[in-house]
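# Reading the structure
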Amino acid sequence: MSIESDQKLPGGPADKAGLFTLLAVCAVVLAAAVLAQFAVSTWSIRERVLLALVAALAAVAGHLLRRDRLTDRRLVAERRQLSIAVNNIPQGLVLYDASARIIICNQPYLDMFGLSPDVAKPGCTMQRLIAHRKETGSFDGDVDAFCNAIIQKVSLGKATRQLTEAPGGRAIEIINRPLKGGGWVATIEDITERKRAEEKIAHLAHYDGLTDLPNRILLRERLEHSLTAMRPGEQLAVLYIDIDEFKSVNDALGHPIGDELLKGVADRLRGCLRETDVAARLGGDEFAVIQTPIKDRSETTRLVAEIHSAIRQPFECMGHLITTDASIGIALAPSDGVDLDQLLRNADLALYGAKGDGRRTYRFFEAGMDQRAKTRRSLELELRQAISDGSLEAYYQPVVNIEDGKISSCEALLRWRHPERGMISPAEFIPIAEDSGLIDQLGLWVLNAACAEAVTWPDHVRVAVNVSPMQFRSQSLALNVAAALAACGLPASRLELEITEAVLIRDDEAALDMLHQLRKLGVRIALDDFGTGYSSLSYLLRFPFDKIKIDRSFIRDIAGPGASSSIVQAVVNIAAASDMTTTAEGVETEQQRNLLYILGCTEMQGYLFSPAIPAAEVRRLLLSHRARAMSAA
Ligand code: C2E
Ligand code: CA
Ligand code: CA
């Protein structure tokens, strides 16, 4: 403390009157400054204390002004009070007179800079004080230039503000406010915590809280900057990355595991990038990357391959092993646009294209994607309508025993008769239904229609219904199946559900549970499209399927020189060893049929026997088959 109660204040009575006026003004200025701060911020306890102290300072100074009426004892007491008040302000406070000499300098000020009370005391000049700071290491500028600049400013009635660093790396803010009667008051505040909080807020405004990747705002800023910095001949790529079926992970395993997965994805993305590239999280399961600069698109193709391979490695999330994949849309600058918004829109459209092409893949932006996206959106609206107005129809494709040609089951395949566009393939509208959430309604409709139809068939003919992985997100799938069977009286053993390995890709206990629940009902479960996607034989071991349907891409090449026939052979062998039947999909020629027979495949399905046909035709076909069988017997 540089004013002690027994310390002599400088000057005679006239000086003292000036000093107290100054103190009162100073208190008012401080109070005004603090109040101005309150106007924009919420009151912290520290600030309330400061306000109280400033008010106390004002009161003490006011009393001292009336010192003539005070006794010496009271004067000493008031000084002590003033001293306590000034030294308890958390800010440093230095009051200078018009000749730039210290009138008051409080203890917090000395503490902040580690100054000696023998130097920083009333009467000391500002030059001497700053020189002392230089000697003790808390100032490293030019003492005279620094002091002159402040003195000049305050003498013009202007306030100054500086940021400086105190020992220990603390951030200090010094504000010099001129006073009316000459002189000025310097408040010195340690704003380290405030600065940290501000930096944290600024960080939160630009970074994603979960993954700590830049957010959409910062991505836009970085992209804008990269576009401006792009040199002639250089390009850059914007990648939009969507985690496939993330929603199922979140729904089935819960948000904490979903969050872990997103953090894992963010880490792997970071690992794929160069220093000049930027990864960001746009929200939900959408990420983006700016790859800059690049010479040509092959660099982007390589990065995409790297990202895909990184994301496809299983993630260990809170004891769950999760496998996932990504759809990636890419727009290049300058070829797909040099405008920020246009580039982002085109990357998004390309992502939409990648998702529409079955996900787990990437697409570069192409002109026309915009149109396709619009068509897709209008199809979504129309599909919603179609479900309720009866323009959907289930066709049925017979599955026959390879050995004796008898129909063992029929697979229900959806058809949409569009009023303007004619028949729309399910390959086109099922992904739309999956994306829009319509798949549950659609799936329920087919399930009921197919069960009701199968009741009219001979007892030994089963019906197969495709179930989308998305339908496994609903807890009520088994319940819906049981209700559909009960509604028409179809025995559970005559219903076969076809699922794809996408259901099993994640180490998803909930999906496996659901499969077991379905199996308990007595329905059969077939693994569809085996050979596409990952086609790991390990999926066959995760659940005891009743049937494996070998994808038609294998059947198409089965007579060729590739490895198709040996793969079919391997699948048939595994299936036979586990009591599963095998169905070859897409059999179109006699040659394929004969080869499949030799390889030991159980059943076949394909144009060689029949395409999918309307329900009425299936009934006729089944009748004629029965008649033929009976006449043969
Ligand atoms: P999928 O389950 O693999 O169905 C077999 C697809 O192959 C059908 O196409 C069928 O018409 C076609 N196909 C059958 N035999 C041959 C052949 O010999 N050669 C060729 N080139 N193709 C053949 P479709 O009906 O267009 O269905 C496409 C996909 O749409 C289906 O593939 C299935 O994944 C999905 N899908 C169809 N109906 C439903 C449904 O009700 N629910 C769900 N979730 N998906 C469905
Ligand atoms: Ca199928
Ligand atoms: Ca299939």
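Residues numbered from 1 in each chain as written. Chains lettered and ligands numbered in written order. Predicted model: local features only at pLDDT ≥ 70, side-chain atom pairs only at ≥ 80, totals over all residues. Heavy atoms only, no water.

In the nomenclature of an unreviewed UniProt entry, the protein chain is known as Diguanylate cyclase of Bradyrhizobium retamae.

## Structural notes on the overall build of the protein chain
Helices and strands together make up the secondary structure of the protein chain, namely 23 helices and 22 strands. Sorting the 633 residues of the protein chain into buried and exposed places 49% on the buried side. Taking contacts inside the protein chain between residues at least 6 apart in sequence as the whole, the part at least 24 apart equals 62%. Accessible surface computed for the protein chain: about 29,500 Å², of which carbon and sulfur atoms make up 53%. (Helix = DSSP H or I, 4+ residues; strand = E, 2+ residues; numbered from the N terminus. Buried < 20%, exposed > 50% of the residue type's maximum accessible area, 1.4 Å probe, protein only. Contact = heavy atoms within 4.5 Å. Areas by Shrake-Rupley, 256 points an atom, 1.4 Å probe, with all protein chains shown as cover.)

## Here we look at unusual backbone geometry
Of note, the amide linkage connecting Thr292 to Pro293 takes the cis form, showing an omega dihedral of -5 degrees. Along the chain, Pro293 falls in strand S8 (residues 286-294). With an omega dihedral of 10 degrees, the bond running from Ala333 to Pro334 counts as a cis peptide bond. Within the secondary structure layout, Pro334 lies in the loop between strand S11 (326-333) and helix H12 (340-356).

## Some words on the site of ligand 1
Surveying the vicinity of ligand 1 reveals 20 residues, the closest of which are Gln397, Arg415, Arg552, Glu588 and Tyr607. With respect to ligand 1, the side chain of Gln397 contributes an N or O atom lying 2.9 Å from a nitrogen atom. A distance of 3.1 Å separates an oxygen atom of ligand 1 from a polar side-chain atom of Glu411. Protein chains bury 83% of the 800 Å² of accessible surface belonging to ligand 1 in isolation. Those elements that provide at least two residues to the shell around ligand 1 are strand S14 (407-418), helix H14 (426-436) and strand S18 (524-530). The leading source of residues in the shell around ligand 1 is S14, at four residues. Tallied by class, residues from the shell around ligand 1 come to seven nonpolar, six polar and seven charged. (Near = heavy atom within 4 Å. Polar contact = N/O pair within 3.5 Å; in protein donor to acceptor, adjacent residues only side chain to side chain. Nonpolar A, V, L, I, M, F, W, Y, C, P; charged D, E, K, R; others polar.)

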